[in-house]
Amino acid sequence: QVQLVESGGGLVQPGGSLRLSCAASGFIFSLSTMAWYRQAPGKERELVARISTGGTTNYADSVKGRFTISRDNTKHTVWLQMNSLKPEDTAVYYCNAPYLKSSYWGQGTQVTVSS
């Protein structure tokens, strides 16, 4: 079955960096767009970044210039490099794979930006 396993979250000070990883299995990774979403307490889940099968990337305006999404089809992994983190980036971050007619989610990883 499809599995998405996130890792790399944690507590970081404002201005710091984190790198999130999402290890995928159970589907043809190279044929799926991959995305990162986040959900802060009391807020709706929002798209953070997306990378197509061909490597085209899209970012939320709030993270442009600070976050970078990348993928390695040989490792079935997608990353989210987060730099210049701000307190408002605090959220649970989810990996997403919209594959065929379904949408698959990981369990999420907590990112907390605080001094």
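Everything here concerns the structure above.
First, a word on scope: everything that follows refers to the structure included in this document.

**Observations concerning the sheet that holds strand S1 (residues 3-7)**
Here 4 strands make up an open sheet; going across it, the order is S1-S3-S8-S7 and the pairing antiparallel. Each edge of the open sheet carries a strand with a single partner, namely S1 and strand S7 (67-72). The average undirected angle you get between the axes of adjacent strands in this sheet is 15°. Of the strand pairs in this sheet, S7 and strand S8 (residues 77-82) are connected by 6 bridges, and their pairing is antiparallel. Bridged to Phe-67 within S8 is Met-82.

**With respect to the side chain of Arg-66**
Relative to the helices and strands, Arg-66 resides in the loop between strand S6 (57-59) and S7. At 2.8 Å, the side chain of Arg-66 and the side chain of Asp-89 are in polar contact. Non-local contacts of Arg-66, meaning those with residues more than four positions away in its chain, are made with Gln-81, Met-82, Asn-83, Ser-84, Leu-85, Lys-86 and Asp-89.

**Things to note about the pairing of strand S10 (residues 102-105)**
As paired strands, strand S9 (residues 91-99) and S10 are joined by 4 bridges and run antiparallel to one another. Note on S10: the bridge partner recorded for Tyr-99 is Ser-102.

**Describing the pairing of S9**
Counting buried positions along S9 gives 7 out of 9 residues, so the element sits mostly inside the fold. Sheet topology note: the strand S4 (residues 34-39)/S9 ladder contains 5 bridges and is antiparallel. By the bridge assignment for S9, Arg-38 is matched with Tyr-93. Where S9 and strand S11 (residues 109-113) come together, 3 bridges link them in antiparallel fashion. In the strand pairing of S11, Tyr-93 is matched with Thr-109. Turn length for the S9-S10 hairpin, with the two strands adjacent in sequence and antiparallel, is 2 residues, and the turn residue Leu-100 shows positive phi of about 55°.

**A look at unusual backbone geometry**
Positive phi values are uncommon outside glycine, yet His-76 reaches one of about 55°. You can see His-76 is positioned in the loop between S7 and S8. Taking the relative accessible area as the measure of exposure, His-76 reaches 33% and is therefore partly exposed. Positive phi, normally seen in glycine, also occurs at Ser-84, with a value near 50°. With respect to the helices and strands, the residue Ser-84 is situated in the loop between S8 and S9. Ser-84 sits in the partly exposed class, given a relative accessible area of 41%.

Definitions and limits used
- Residues numbered from 1 in each chain as written.
- Predicted model: local features only at pLDDT ≥ 70, side-chain atom pairs only at ≥ 80, totals over all residues.
- Heavy atoms only, no water.
- Pairing = 2+ DSSP bridges.
- Helix = DSSP H or I, 4+ residues; strand = E, 2+ residues; numbered from the N terminus.
- Axes fitted to C-alpha atoms, helices over the stretch in contact; angles between N-to-C directions.
- Polar contact = N/O pair within 3.5 Å; in protein donor to acceptor, adjacent residues only side chain to side chain.
- Contact = heavy atoms within 4.5 Å.
- Buried < 20%, exposed > 50% of the residue type's maximum accessible area, 1.4 Å probe, protein only.

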